[in-house]
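So you can see what is in the structure, the chains are spelled out below.
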Amino acid sequence: MNLSTRRAVFFLLVFFPVILGTGVPLLGVQSGVEQEWNQFLGPHANGKSDAVELPGDLSDPNALAWKADVQGRGWSSPLILGDEIWLTTAIEIEATGEEREKMMAEASIEGMSAWASVELHAICLEKSTGEIRHDIELFNVEYPPLIHSLNSFASPTPVADGERVYCHFGTFGTAAVDRKTGKVIWRNEENVIDHETGPGSSPILNGDQLIFHCDGRDAQYVCALDRKTGEQAWRTDRSGSMDAEGMYKKAFCTPIVIERGGHEELVSPAANWVYGYDPASGKELWRVSYGHLGFSNVARPFVDGTTLYVCSGFMQSTLMAIDLSGAGPPGEKSIEWTYQEQVPNISTPVLIDGAIYFVSDRGILTCVDADSGQRLWRERLGRGHSSSPLLADGRLYFGDHDGKLHVIRPDRDGLDLLKTIELDAQIMASPAAVDHSLFVRTADSMYHFRKP
């Protein structure tokens with residue numbers, strides 16, 4: 001049975017009973033309100049927005065509702081929660097003199113930066129004006145570990161529920177903030193690991209737990225905290241074999257929760273393996289090997305029907321389609337197809353009407369068929385890309401390192417570039433869209449576009 005047939009059967013067996021109130025679909029989503037952008041890649045966890053009537057021409061001055069300066073440096077994507085915009089940022093003081101020379105001498109790879117201190121903040125902006133409502137210092141770290149110049153100390157995107165925003169900074173700590181008052185409810189600084197190049201994995205919410213990855217060069221595990229208290233609920237070490245060299249054990253992925261076989265599974269990519277866990281207990285349910293060395297992967301996994309798609313990361317980044325339709329745990333025989341040309345290490349692909357669109361780190365945009373993995377077309381879009389694309393109102397938005405926002409119309413037959421606009425600084429965060437508004441964070445600013 002091919003993938004198209006399985007998807008048709010899956011719809012009849014699963015989604016039709018849902019309509020009747022007797023079944024539950026397989027979903028790669030977390031709890032949240034659809035009209036809000038409450039986590040990395042939005043409420044559906046896949047970069048797809050329900051926003052409509054967005055401005056057609058972003059270069060029209062009347063399409064810009066406001067632009068606000070953002071202090072510090074951070075690649076986390078914004079959360080859009082009612083009349084609030086939440087994001088995290090890092091205020092850095094650069095190391096100098098002998099201290100900097102000493103720190104840089106310990107660098108194991110090129111492109112690293114040394115800092116004397118860093119303040120890690122959560123910021124809340126007014127959605128209507130861009131004015132600051134809250135600016136909360138969560139952590140202050142003296143002489144933090146070196147960080148890669150393509151990363152930031154505030155790269156993980158927060159996640160929110162109706163009352164709190166949960167901010168995660170990897171090894172530097174995790175905190176819960178009251179959305180109304182800006183008060184810090186709890187802090188947790190127990191999960192100390194060596195990221196080597198800085199933090200990257202974003203947290204998710206599932207039930208009463210806040211779940212995140214800790215895949216460093218020294219330790220690799222998945223962790224859940226009680227969202228009310230910040231206390232550890234469970235921790236599960238990675239079980240798959242990895243390279244002896246620590247740098248090849250790292251990963252920076254964000255998990256998803258799906259429903260399969262009548263129970264929830266946490267899909268969790270790491271170095272060399274993608275794992276399935278019971279999100280309530282952390283018990284490992286299955287693992288599938290990439291079949292080759294894969295590490296420092298950032299792209300979030302996504303699902304379509306009974307098919308899971310995963311990017312393996314550095315060395316030979318591979319997009320894998322894994323069949324999850326069986327009753328038992330998936331294995332290597334469940335891999336339906338792989339694609340290895342210009343697959344991103346960082347940016348998450350997006351699936352639209354049976355076609356997968358993704359942009360490589362070097363700016364090559366590719367469209368492949370989701371059923372077969374066959375390439376439909378490939379074109380250069382720009383240069384460096386880290387931001388994940390956004391699908392909203394029938395258009396795809398890609399931000400790049402040069403500060404350009406490329407707008408395309410999804411088309412299986414070829415690149416349909418609608419517009420490219422240039423903003424004030426590089427775009428590392430992923431855009432967000434809610435209702436009739438588009439939000440884009442650059443290295444220096446937050447933009448709110450709205451139809452005139």
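Per-chain numbering applies: the sequence of each chain, read as written, is numbered from 1 onward. The predicted origin of the model limits local features to residues at a pLDDT of at least 70 and limits the giving and counting of side-chain atom pairs to 80 or more, whereas totals for whole chains, interfaces and linings rest on all residues. Calculated side-chain values reflect all of the structure's heavy atoms, with hydrogen atoms and water omitted.

A. Representation of the overall build of the chain in the model. The secondary structure listing takes helices from DSSP runs of H or I that are at least 4 residues long and strands from runs of E that are at least 2 residues long, numbered from the N terminus. The secondary structure content of the chain amounts to 2 helices and 36 strands. C-alpha atoms define the radius of gyration in this analysis, and the globule rule sets the expected value at 2.2 Å times the number of residues to the power 0.38. In summary, the chain has a C-alpha radius of gyration of 21 Å against a globular reference of 22 Å for 452 residues, a match within 12%. Projected onto the principal axes, the alpha-carbon positions of the chain cover approximately 65 × 55 × 40 Å. Sorting the 452 residues of the chain into buried and exposed places 59% on the buried side. Contact criterion: two residues are considered in contact whenever any of their non-hydrogen atoms come within 4.5 Å of each other. Long-range pairs, those at least 24 residues apart, make up 56% of the contacts in the chain with a sequence separation of at least 6. In short, Shrake-Rupley with a 1.4 Å probe defines the accessible areas, and a residue's cover is counted only from the protein chains shown. A total of about 17600 Å² of accessible surface is found on the chain, and carbon and sulfur atoms cover 47% of it. In this tally, Asp and Glu contribute negative charge and Lys and Arg positive charge; neither His nor the terminal groups of the chain are included. The atoms used to mark charge sites are NZ of Lys, CZ of Arg, CG of Asp and CD of Glu. Each charge class in the chain can be summarised by its mean position, and for the 39 positive and 62 negative side chains these summaries are 3 Å apart. Relative accessibility under 20% of the residue-type maximum defines a buried residue, over 50% an exposed one, and the middle range a partly exposed one, all with a 1.4 Å probe and only protein chains included.

B. Spotlight on the pattern of salt bridges. Definition used for salt bridges: Asp or Glu carboxyl oxygen within 4 Å of a side-chain nitrogen of Lys or Arg. For the structure on display, the rule yields 23 salt bridges. With a closest N to O distance of 3.7 Å, D424 and K67 form a salt bridge. Within this pair, whereas D424 is found in the loop between β33 (417-422) and β34 (432-434), its partner K67 is found in strand β1 (residues 64-69), the two being separated by 357 residues in sequence. By relative accessible area, which is 34% here, D424 ends up partly exposed. Accessibility expressed as a relative area gives 42% for K67, which makes it partly exposed.

C. Local environment of the state of the cysteines. Cysteine sulfurs are considered disulfide-paired once they come within 2.5 Å of each other. Applying the stated criterion across every chain, the model contains 0 disulfides. Sulfur of C214: no disulfide; nearest cysteine sulfur belongs to C223 and is 5.6 Å away. Between C311, a free cysteine, and C253, which holds the nearest cysteine sulfur, the sulfur-to-sulfur gap is 8.4 Å. On the basis of relative accessibility, which here comes to 5%, the residue C311 falls in the buried class.

D. A look at the sheet that holds strand β16 (residues 256-260). In this scheme, strands are said to pair when DSSP sees at least two bridges between them. Read across the open sheet, the 4 strands follow the order β16-β17-β18-β19; overall the sheet is antiparallel. The sheet terminates laterally at β16 and β19 (284-289), the two strands that pair on one side only. For this sheet, the mean inter-axis angle between neighbouring strands, taken without regard to orientation, is 25 degrees. Angles shown run from 0 to 180 degrees and are taken between the N-to-C directions of axes, each axis being a line fitted to C-alpha atoms and, for helices, limited to the stretch in contact.

E. Structural detail: the sheet that holds β34. In spatial order, the strands read β1-β36-β35-β34; together these 4 strands make up an open sheet with antiparallel pairing. Edge positions in the sheet fall to β1 and β34, since each has one partner strand and no second. Each neighbouring strand pair of the sheet contributes to a mean axis angle of 15 degrees, computed without reference to strand direction.

F. Up close: the packing of aromatic side chains. When two rings of Phe, Tyr or Trp (its six-membered ring) have centres within 6.5 Å they constitute a pair, described as stacked for plane angles under 30 degrees, edge-to-face for angles over 60, and tilted for the intermediate range. With the rule as written, the count across this model stands at 11 aromatic pairs. Ring geometry for Y447 and F449: centres 5.8 Å apart, planes at 5 degrees, overall stacked. F449 shares its class with Y447; the two are buried. Clustering of aromatic rings is evident, with ring pairs tying together Y248, F295 and F314. We count a charge as sitting over a ring when the NZ of a lysine or the CZ of an arginine lies within 6 Å of the ring centre and within 35 degrees of the ring normal. Taking NZ or CZ as reference, R287 lies 4.8 Å from the ring centre of W273, over its face.

G. Representation of the side chain of S386 within the structure. On the secondary structure map, S386 appears in the loop between β29 (375-380) and β30 (390-392). Under the rule applied, a polar contact is a pair of N or O atoms within 3.5 Å (in protein, one hydrogen donor and one hydrogen acceptor; residues adjacent in sequence only if both atoms are side-chain atoms). Of note is the side chain of S386, whose polar atom sits 2.8 Å from the side chain of H401. Once residues lying within four places of it in the same chain are set aside, the contact partners of S386 are I346, S347, H401 and M428.

H. View of the pairing of strand β9 (residues 164-168). The buried fraction of β9 amounts to 5 of the 5 residues, a majority that puts the element mostly inside the structure. The alternating pattern of β9 places R164, Y166 and H168 on one face and V165 and C167 on the opposite face, and all of these are buried. When strand β8 (residues 159-160) meets β9, the two strands line up antiparallel, connected through 2 bridges. The partner of V159 across the bridge, within β9, is Y166. Between the antiparallel neighbours β8 and β9 lie 3 residues. Here β9 runs beside strand β10 (residues 174-178); their pairing, made up of 5 bridges, is antiparallel. When the sheet's bridge partners are listed, R164 is paired in β10 with D178.

I. Representation of the nonpolar core. Among the nonpolar cores identified, the biggest contains 29 residues, and Y397 and L438 are the most heavily contacted of them. Put simply, the parts of the chain that give this core at least two residues each are β1, β3 (84-94), β5 (115-126), β30, β32 (404-408), β34, β35 (437-441) and β36 (445-450). Within the second largest apolar cluster, 24 residues are counted, among which are L81, W86, V118 and I147. Here, the term nonpolar core denotes a set of buried Ala, Val, Leu, Ile, Met, Phe, Trp, Tyr and Cys residues that are joined through side-chain atoms within 4.5 Å.

J. Spotlight on the side chain of K250. Within the secondary structure, K250 is located in the loop between β15 (232-237) and β16. Among the polar contacts made by the side chain of K250, one reaches the side chain of E196 at a distance of 2.8 Å. Apart from the residues lying within four places of it in its own chain, the contact partners of K250 are H195, E196, T197, D215, G216, R217, A271, F295, S296 and N297.

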